[in-house]
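Commentary on secondary and tertiary structure
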Amino acid sequence: MKKFTLALLSLLASLEAAALGAQGSKYPPLAEYLMPRDTEIELARSAAPAAISDRATIKILTKAGYEVAREGNNGVVCMVMRGFSAPTYTPAQFRDLVYDPTVHAPICFTPPAVRTAMPYYELRTKLAMEGKGPDQIAEGLQAAYVKGELPRRDSVSIAYMWSAHQHLGPGIEAWHPHMMVFAPYYENSMVGGNEFGSPLPQVSDDAGTPFTVIVIPVDDKLAVKPRLR
């Protein structure tokens with residue numbers, strides 16, 4: 001954990017420095033964000049245990065956005081989020097991860113999260129693919145939420161991020177397999193005030209907003225490896 005904390009601090013420092021020049025940041029070519037179809041399907045499936053992901057709908061990222069690659073029957077949707085899914089507001093240092101095409105964050109949304117949380121990430125992706133930067137993405141999301149173009153976040157929902165091969169950013173790499181808890185308006189103090197990056201429950205994204213995310217790490221032995229077919 002000490003090694004991880006030092007890496008995280010280093011990443012934060014580098015992102016803070018990069019933020020000073022964020023106005024001039026540019027997206028790499030979209031092709032750098034795309035993956036071979038079969039590879040992406042298997043990486044998406046690794047976000048959750050087989051009992052969940054084997055029957056899930058799988059979406060993959062294309063030049064037109066996320067599209068269904070395989071239909072499931074349990075209401076779960078699995079996909080590989082890119083850096084486009086960085087926090088909208090806080091931590092501010094991570095907002096520029098949108099420009100990092102190496103970020104691969106496999107996730108399986110449970111049915112309530114499919115309805116309320118997934119559209120938010122898909123809209124973030126759409127706006128980023130249109131070339132909009134972090135500030136413009138935030139403005140677009142705010143407007144869509146106020147207009148009712150995004151589902152209201154009135155209750156808690158969850159998703160799995162258990163992939164052994166997730167890459168959440170430089171210095172963070174795979175971190176721990178964890179549950180994503182979409183908990184509107186939560187503050188970190190409400191889950192114990194635990195340090196960012198610790199192995200304890202903590203608010204990771206957008207504290208105090210409708211889009212708040214709490215992460216709850218689980219045993220590293222539960223990490224799921226992609227399966228070759």
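Presented here is an overview of the structure given in this document. (Residues numbered from 1 in each chain as written. Predicted model: local features only at pLDDT ≥ 70, side-chain atom pairs only at ≥ 80, totals over all residues. Heavy atoms only, no water.)

1. Things to note about the state of the cysteines
Tallied over the full model, the rule gives one disulfide. The disulfide that involves C78 links it to C108, with 2.0 Å between the sulfurs. A torsion of 105° about the S-S bond marks the disulfide between C78 and C108 as right-handed. Within this pair, whereas C78 is found in strand β3 (residues 77-81), its partner C108 is found in strand β4 (residues 105-109), the two being separated by 30 residues in sequence. (Disulfide = S-S within 2.5 Å. Helix = DSSP H or I, 4+ residues; strand = E, 2+ residues; numbered from the N terminus.)

2. With respect to the sheet that holds strand β2 (residues 65-70)
With mixed pairing, eight strands are arranged side by side in an open sheet as β2-β1-β3-β4-β5-β6-β8-β7. In this open sheet, the two strands that pair with only one neighbour each are β2 and β7 (202-205). This sheet shows a mean twist of 35° between the axes of neighbouring strands, independent of strand direction. As paired strands, strand β1 (residues 57-62) and β2 are joined by five bridges and run antiparallel to one another. Paired with T62 across the strands is G65, a residue of β2. Lying over the sheet, helix α2 (residues 37-45) contacts β1, β2, β3 and β4, oriented at roughly 135° with respect to β1. (Pairing = 2+ DSSP bridges. Axes fitted to C-alpha atoms, helices over the stretch in contact; angles between N-to-C directions. Contact = heavy atoms within 4.5 Å.)

3. What to know about the side chain of D100
In this structure, D100 sits in the loop between β3 and β4. Buried within the structure, D100 lacks any salt-bridge partner; R82 is the closest side chain of opposite charge, at an N-O distance of 10 Å. Dropping the residues within four chain positions of it, D100 is found in contact with Y33, G83 and P170. (Buried < 20%, exposed > 50% of the residue type's maximum accessible area, 1.4 Å probe, protein only. Lys, Arg positive; Asp, Glu negative; His and termini not counted. Salt bridge = Lys/Arg side-chain N within 4 Å of Asp/Glu carboxyl O.)

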